[in-house]
Amino acid sequence: MKSFYLGVFTILLVCISCGSSTSLYNGTNLDGWDIYGTEKWYVNEEGLLVSESGPDKQYGYLATEKTFKDFELTAEFKQDADGNSGIFFRSDIEGTKISGWQAEVAPPGHDTGGIYESYGRGWLIKPDAAKDAYLKYGEWNRMKVRVVGNHVTTWLNGQEMISLTDEKIGEATGKIALQIHDGGGIKVYWKNINIKEL
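This text gives an overview of the structure that appears in the document.

Conventions we followed
- Residues numbered from 1 in each chain as written.
- Predicted model: local features only at pLDDT ≥ 70, side-chain atom pairs only at ≥ 80, totals over all residues.
- Heavy atoms only, no water.
- Buried < 20%, exposed > 50% of the residue type's maximum accessible area, 1.4 Å probe, protein only.
- Helix = DSSP H or I, 4+ residues; strand = E, 2+ residues; numbered from the N terminus.
- Pairing = 2+ DSSP bridges.
- Axes fitted to C-alpha atoms, helices over the stretch in contact; angles between N-to-C directions.
- Salt bridge = Lys/Arg side-chain N within 4 Å of Asp/Glu carboxyl O.

Of the two faces of strand β11 (residues 140-148), the one holding Asn 141, Met 143, Val 145 and Val 147 is buried and the one holding Trp 140, Arg 142, Lys 144, Arg 146 and Val 148 is not buried anywhere. Across 8 bridges, strand β6 (residues 71-81) lies against β11 in antiparallel orientation. Within β11, the position partnered with Phe 71 by the bridge is Val 147. Strand direction decides the pairing type here: β11 and strand β12 (residues 151-156), joined by 6 bridges, are antiparallel. In the strand pairing of β12, Met 143 is matched with Leu 156.

The sheet built from 7 strands is open, its strands ordered β2-β5-β14-β7-β8-β9-β10 with antiparallel pairing. Strands at the two margins of the open sheet, each flanked by one partner only, are β2 (33-36) and β10 (122-125). Within this sheet the neighbouring strands show an average axis-to-axis angle of 25 degrees, counted without direction.

Let us now look at the pattern of salt bridges. Opposite charge on two side chains lets them pair, provided their charged atoms get close. Applying the stated criterion to the full structure yields 7 salt bridges. Between Glu 72 and Arg 146 there is a salt bridge, with the nearest N and O atoms lying 3.0 Å from each other. On the criterion of sequence distance, the pair formed by Glu 72 in strand β6 and Arg 146 in strand β11 is long-range, its members being 74 residues apart. For Glu 72, a relative accessible area of 17% translates into the label buried. Accessibility expressed as a relative area gives 33% for Arg 146, which makes it partly exposed.

Right under this line is the structure:
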């Protein structure tokens with residue numbers, strides 16, 4: 001009987017370990033990430049990850065070295081200036097050309113939480129316009145992106161934004177990447193970027 005309980009306890013520990021989340025950003029430097037393009041990615045004195053337009057005013061990406069398939073990712077962001085960014089998933093990058101899918105992070109009225117396919121079909125789904133009220137522009141927001149098989153769900157500040165089933169997404173595996181949109185004048189702060197592989 002003792003060995004039975006020991007076995008159950010071991011299984012529980014394994015299950016808890018499998019369900020734990022991992023921080024993608026250590027609050028100190030960009031270890032575990034690669035910069036694509038000439039735009040600015042740095043850690044400020046408060047330990048926040050900053051994405052900022054550089055003089056070239058082009059697209060820029062900060063991508064994980066590791067690739068991910070099924071996961072639940074949470075991240076907090078605060079938009080300054082134009083604040084147009086996004087969280088890419090299951091993506092491949094060459095230079096500043098990224099193929100994959102973006103959970104949009106954008107100023108009010110520009111579909112934060114929607115899913116956009118870069119260098120492909122464009123917008124796959126946008127949130128209902130009324131859900132734009134969940135975005136707290138200029139304040140901290142929390143986004144959650146859950147990708148399992150061919151299904152994607154996003155939440156903004158605890159509110160579900162979209163739910164999408166897409167065969168092409170289901171076939172992909174790739175990096176997670178944060179974006180700086182082109183055009184210049186963009187600045188977004190990030191913190192508490194965590195992922196749980198499913």
